[in-house]
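So the chains spell out like this:
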Amino acid sequence: MSSSATVRTARRRTVRIAAAAVIAAAGLTLTACSGSDAAGTKPAAHTETGAAAEFGSAGSSAGSQGSDAQAGSGDKVDSKAGAAGKQSGNAQATTSKTKSPVRTVTLVDGSKAEVYRLGEQHYRAKIINAGSVLATLETGEHDAGLDGNDMFVVLTLGGEVHSWMGGGHQGPGTFKLAGGWTAKVKKVGELRYRAEILGTDGAVYGTMEANEQDTGLDANGVYIVLSAGGVISAHQ
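Residues numbered from 1 in each chain as written. Predicted model: local features only at pLDDT ≥ 70, side-chain atom pairs only at ≥ 80, totals over all residues. Heavy atoms only, no water.

A. Molecular detail of the nonpolar core. In terms of nonpolar packing, the biggest core is built from 16 residues, with Leu177, Val185, Ala195, Ile197, Ile224, Leu226 and Ile232 touching the most fellow members. Other than its neighbours up to four places away in sequence, isoleucine 232 contacts Gly167, Gly168, His169, Phe175, Leu177, Ala183, Val185, Ala195, Ile197, Ile224, Val225 and Leu226. Among the nonpolar cores identified, the runner-up in size contains 14 residues, and Leu107, Ala113, Tyr123 and Ala125 belong to it. (Core = buried A, V, L, I, M, F, W, Y, C linked by side-chain atoms within 4.5 Å. Buried < 20%, exposed > 50% of the residue type's maximum accessible area, 1.4 Å probe, protein only. Contact = heavy atoms within 4.5 Å.)

Next comes the structure, spelled out in structure tokens:
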């Protein structure tokens, strides 16, 4: 009896050790495969280095217009494993959407505005002259505007571009604008101006605020730009 029990115990230990060895080997195999898959299927992040930062050499106070464009433009790509494939596809779709302009507009000074659609009421316009990007405008929650050395440009929420030369008034002050509008321009900080847009009845129909960057407005077909330096101009 004692000898037989010893043999059974030895066999059980042998079986358990063998099973443990199989499990350990399987674990190593799974670990190796997992590492291989992670290295092989991780997509490259598709990011669009927005042209919004390309402005700055245009010499106007609207040089920071592009900084908002970076904050609100371009889809972010999350490279986390769970949704990497889907998000990589989204990034590719966004890149293809913004690769070609929906329209190109000739501005009053002869330069070109290439307009890209980024989303619903979300457009970006690159101001290009002699092959160089001089400025970038981008709509977000409102129209965008630019004072480019006395050439004024408005990019609307619908992706339309309007430009004109001159007609600027230096604020603060109260000024008559095109279309019967009146603007009351106030300085509210360094490189920060606010304009109340009044109708013929004296009521305030809208407010514009340029906070270190120019801003624009489509006021029922009258296009208005307020610069960060307090210059306001309108064109119909």
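B. Inspection of the sheet that holds strand β5 (residues 144-148) at higher detail. Here we have 3 strands laid out as an open sheet, ordered β5-β6-β7, and antiparallel in their pairing. With one partner strand each, in any of the chains shown, β5 and β7 (161-165) form the two edges of the open sheet. Each adjacent strand pair in this sheet contributes to an overall mean axis angle of 15°, direction not counted. (Pairing = 2+ DSSP bridges. Helix = DSSP H or I, 4+ residues; strand = E, 2+ residues; numbered from the N terminus. Axes fitted to C-alpha atoms, helices over the stretch in contact; angles between N-to-C directions.)

C. Structural context of the packing of aromatic side chains. Counted under the stated rule, the structure contains 2 aromatic pairs. When the ring of phenylalanine 152 is compared with that of tryptophan 164, the centres are 5.9 Å apart and the planes differ by 25°; the resulting orientation is stacked. Taken as a pair, phenylalanine 152 in strand β6 (residues 151-155) and tryptophan 164 in strand β7 lie far apart in primary sequence, 12 residues in all. Accessibility expressed as a relative area gives 3% for tryptophan 164, which makes it buried. On the basis of an interplanar angle of 70° and a centroid distance of 5.6 Å, the ring pair of tryptophan 181 and tyrosine 205 is categorised as edge-to-face. Residue tryptophan 181 is located in the loop between β9 (173-176) and β10 (182-189), and its partner tyrosine 205 is located in strand β12 (residues 204-211); the two are separated by 24 residues in the primary sequence. Under the relative-accessibility criterion, tryptophan 181 is labelled buried at 12%. (Phe/Tyr/Trp six-rings, centres within 6.5 Å; stacked < 30°, edge-to-face > 60°.)

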